[in-house]
Amino acid sequence: MPDAALTEDLARRAAAGDQVALNQLLSAVWPDVVRRCGRFLPCREDAEEAAQDVLLQISRKISTFEGRSRFSTWLYTVVANCARQKYRDLKRRAAEQPAVIEPTEHVDPRTTSVIAGSRIDLLEALDRLEREHPQLVAPLVYRDICQLDYAEVAERVGIPLGTLKSRLHEARKQVRPWLSAP
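All values reported here derive from a predicted model rather than from experimental measurement.

Visitor: Help me understand the nonpolar core, please; the structure alone is not making it clear to me.
Guide: Side chains of a nonpolar character, in soluble globular proteins, are inclined to be buried together. Core analysis: the biggest nonpolar cluster contains 52 residues, and Phe40 and Ile58 have the highest contact counts within it. Of all elements in the fold, only α1 (4-15), α2 (19-38), α3 (44-61), α4 (71-96), α5 (114-132), α6 (137-145), α7 (150-157) and α8 (161-180) reach the threshold of two or more residues within this core. Top contributing element to this core by residue count: α4, with ten residues.

Quick look at the structure:
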């Protein structure tokens, strides 16, 4: 993230309607947004598309940023939501139009990214967790993927720190077997 104090100032000014500050803010956070979207989405093009969605959401919703928490906390919520929505969209499109792999396009498992596979597994696990225990998703996403500190996550989710830690422990316990299953 660029200089935090500058980013916070730009965010406050943009939230107050300063268009120049908004443009500067979008430029300043772009590399960090792409990197953070890449934690969710294994393909760089998908991460960049999600990052574009993030910038669009920032532009549309910056007036809702009240400055009660840090802008970075607000931003990572937008990143998590947009990246997960992009994944759902890609999954839905793939189900609607299954791809046919031509013999010349066979994927060599030795060159397939293990990281990409683990991210897809994680997204599947998050979808399952959301269906089965929706209150556990936000703590896991904010802490383990967005890497916000515990206090920021508790504030963002609106629960006491002890409750957050309990939910995070339970979320990790639920997700762990899903990620290790073949």
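Visitor: How should I be thinking about the packing of aromatic side chains in this particular structure?
Guide: Each pair of aromatic rings is reported with the distance of its centres and the angle of its planes. The final tally for this structure, using the stated rule, is three aromatic pairs. Seen from their ring centres, Phe65 and Phe71 are 5.5 Å apart, and the 85° between their planes marks the pair as edge-to-face. Residue Phe65 shares its accessibility class with Phe71, and that shared class is buried. An aromatic cluster of at least three residues, connected via ring pairs, comprises Phe65, Phe71 and Trp74. It is Arg143 that lies over the ring of Tyr150; its NZ or CZ is 4.2 Å from the centre. It is Lys165 that lies over the ring of Tyr150; its NZ or CZ is 5.4 Å from the centre.

Visitor: Honestly, the confidence of the model for the protein in this entry has me stumped. Any pointers?
Guide: Low pLDDT marks regions whose predicted coordinates should not be analysed in detail. Averaged over every residue, the pLDDT of the protein is 82; the share at 70 or more is 84%. Model confidence for the protein, summarised as mean pLDDT per element, is weakest for α5 at 71 and strongest for α2 at 94.

Conventions and cut-offs
- Residues numbered from 1 in each chain as written.
- Predicted model: local features only at pLDDT ≥ 70, side-chain atom pairs only at ≥ 80, totals over all residues.
- Heavy atoms only, no water.
- Core = buried A, V, L, I, M, F, W, Y, C linked by side-chain atoms within 4.5 Å.
- Buried < 20%, exposed > 50% of the residue type's maximum accessible area, 1.4 Å probe, protein only.
- Helix = DSSP H or I, 4+ residues; strand = E, 2+ residues; numbered from the N terminus.
- Phe/Tyr/Trp six-rings, centres within 6.5 Å; stacked < 30°, edge-to-face > 60°.
- Lys NZ or Arg CZ within 6 Å of the ring centre and 35° of its normal.
- pLDDT = per-residue confidence, 0-100.

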